[in-house]
Amino acid sequence: METNEQSVHEILLRLPALLLPWYDQNKRDLPWRKNTDPYRVWVSEIMLQQTRVEAAKDHYIRFLKELPTVQALAECPEEKLFKLWEGLGYYSRAKNLQKAAKIAAEQGFPRTADQLKKLPGIGDYTAGAIASIAFEQPSPAVDGNVIRVLSRLLGDARDQETLKSAFARLLAPVYPHERCGDFTQSLMELGATVCVPSSPLCLACPLLSVCKTKSDALPTKKIKAERRKTDVTLLLFQNQSGAALCKRTEGVLKGMYGFFMIERAMTDENVRTFLQSAGMKQFSVGAPHAHKHVFSHIEWNMRAFPVYSEENAAHLCPATDVREYRSDFSSLEYFPKEKIERELSLPSAFRWCLKLL
Ligand code: SF4
C-alpha cells in the first residue's frame, strides 16, 4: 500500500467505531428499517433511487401491503404493479423489479453482491446495500450520499465517477466483523441528515475530528448535460364512453398509457386541419392547456387540446404530411374517466390532463 493510501486506510478504519454509536442514537425510524428481510430492503432501495425518503414512505407501505412477498410481486398483473408504482416515475424500474422477482421467486434470493448484480435492475449500489443490510456481507453501497461524505472526509477532489469505484474498493476492507448492514446504513444516514449537500452540520458530525474538509467545498460538482427541450401537443379524444388512451410504443414512458401525442407545437387551427385531414368530420376542439414536464434528460413543453367527437378516433387515418406522430390512431382505446383515475396507471406527465376530461 502506498503512503497516501495507507493514511486513507487508517482514517477509514476508524469509521465503524465513530459511526455505529452515532447511528444507534440518531437513526430515523423508517418503515423499511423494521426488519432486514431482503425483499423489503430491495424494494426500498429501488424506490429511494428516485424519490426522497419522505415521499417514498407512503408508497413503500402501500406497495408492501399489496405485495408483501417476492412471490406476490412475481405474480402481480402488470397494470396493478404500475398503479402501485404511480408517482415514483421510471416505470422501467418497476418492470425490472418484477423481472428480478420472478427469478428470485424461482431460484431463491441471491446472498452476495456479485450474484445480486446478475438480477435485472440491480447495479453495484443496490447489490451492496442488499448484501450488507440483509445478509451482513462486507459489501459497500456507494451512492451520492456516501461519495459526498467520503470526499469531504478525505479531502478527495477527484470526479464523482472515479470516486465511486475508488470508495467501494477502499471501504470493503474496513467493514466491521459484525453489523455490516448498520455500517452501510450509518454512512447513508450521515450523508442524508448531517453531511448534506449544502451547509453540512459539521458541529453535529461524529467525523468532525478526522474530517479534512469540514464544509461543502467538496465533492466537485458534476457538469450536467443540458436537457433537450421538445414541444408536444396532446389530443384528448373524448366521447360518451370516456377518454381515449393508447400505450406508448417508443421513447420515454414506453409501454405506459398516454394521450394521443404529436411532437411539435400546434395551434387550434393546426389541430382542426390535422383532424379533418385524418378523416374526422364532426368534432369540437376545446381551449388548450399548457404544462411543462421535466424528465432527467428531456423537457416537454406541452399543450393539451380536448377534442369532443362521437366518431371513434381509433378509426382515423394519419395524414401523410405529419411526421411527428408519437401515437397510432388504431391503438386508441376509450375508458371511463373513473377507470382511468382508479385503475389505470397514467404517468404524471399525462395525469395533469385528467382535469380537462
Ligand atoms: S465534518 Fe462536516 S464535511 Fe466533514 S463529514 Fe462531517 S458533516 Fe461532512
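Residues numbered from 1 in each chain as written. Predicted model: local features only at pLDDT ≥ 70, side-chain atom pairs only at ≥ 80, totals over all residues. Heavy atoms only, no water.

Describing the pairing of strand β7 (residues 298–308)
In step 1: The buried count for β7 comes to eight of 11 residues, which makes it a mostly enclosed element.
In step 2: Taken together, the 11 bridges between strand β1 (residues 228–239) and β7 define a ladder with parallel strand orientation. Its bridge partner lying in β7, Leu236 is registered against Pro306.
In step 3: Sheet topology places strand β5 (residues 284–285) next to β7; two bridges connect them, and they run antiparallel. When the bridges of β7 are listed, Ser284 appears paired with Tyr308.
In step 4: Relative to β7, strand β6 (residues 289–294) runs antiparallel, the two being bridged by six bridges. Counted as the bridge partner of His293 is Trp300 from β7.
In step 5: Count of turn residues in the β6/β7 antiparallel hairpin: three residues. (Buried < 20%, exposed > 50% of the residue type's maximum accessible area, 1.4 Å probe, protein only. Helix = DSSP H or I, 4+ residues; strand = E, 2+ residues; numbered from the N terminus. Pairing = 2+ DSSP bridges.)

Quick look at the pattern of salt bridges
In step 1: Enumeration over the complete set of coordinates arrives at 16 salt bridges.
In step 2: Note that Glu79 and Lys247 form a salt bridge whose closest N and O atoms lie 3.8 Å from each other. A residue pair is termed long-range when its members are at least 10 positions apart, and Glu79 in helix α6 (residues 78–85) and Lys247 in strand β2 (residues 242–247) qualify at 168 residues.
In step 3: The class for Glu79 is buried, based on a relative accessible area of 19%.
In step 4: Salt bridges sharing partners connect three or more residues here, namely Asp24, Arg179 and Asp182. (Salt bridge = Lys/Arg side-chain N within 4 Å of Asp/Glu carboxyl O.)

Here's the deal with the environment of Lys281
In step 1: Among the structural elements, Lys281 can be located in the loop between α13 (268–278) and β5.
In step 2: Note on Lys281: relative accessible area 69%, which makes it exposed.
In step 3: Separated by 104 residues in the primary sequence, Lys281 and His177 have C-alpha atoms spaced 75 Å apart.

Quick notes on α13
In step 1: All of the buried residues along α13 are Val271, Phe274, Leu275 and Ala278. Summarising the axial view, the buried residues of α13 lie within an arc of 95°, below the 170-degree limit, and thus occupy one face. Exposed and oriented more than 90 degrees from the buried face of α13 are Glu269 and Gln276.
In step 2: Looking at the buried side of α13, the elements it contacts are β1, β4 (260–262), β5 and β7.
In step 3: Following α13 by one or two positions, Gly279 adopts a phi angle in the positive range, close to 110°. (Arc of directions from axis to C-beta. Contact = heavy atoms within 4.5 Å.)

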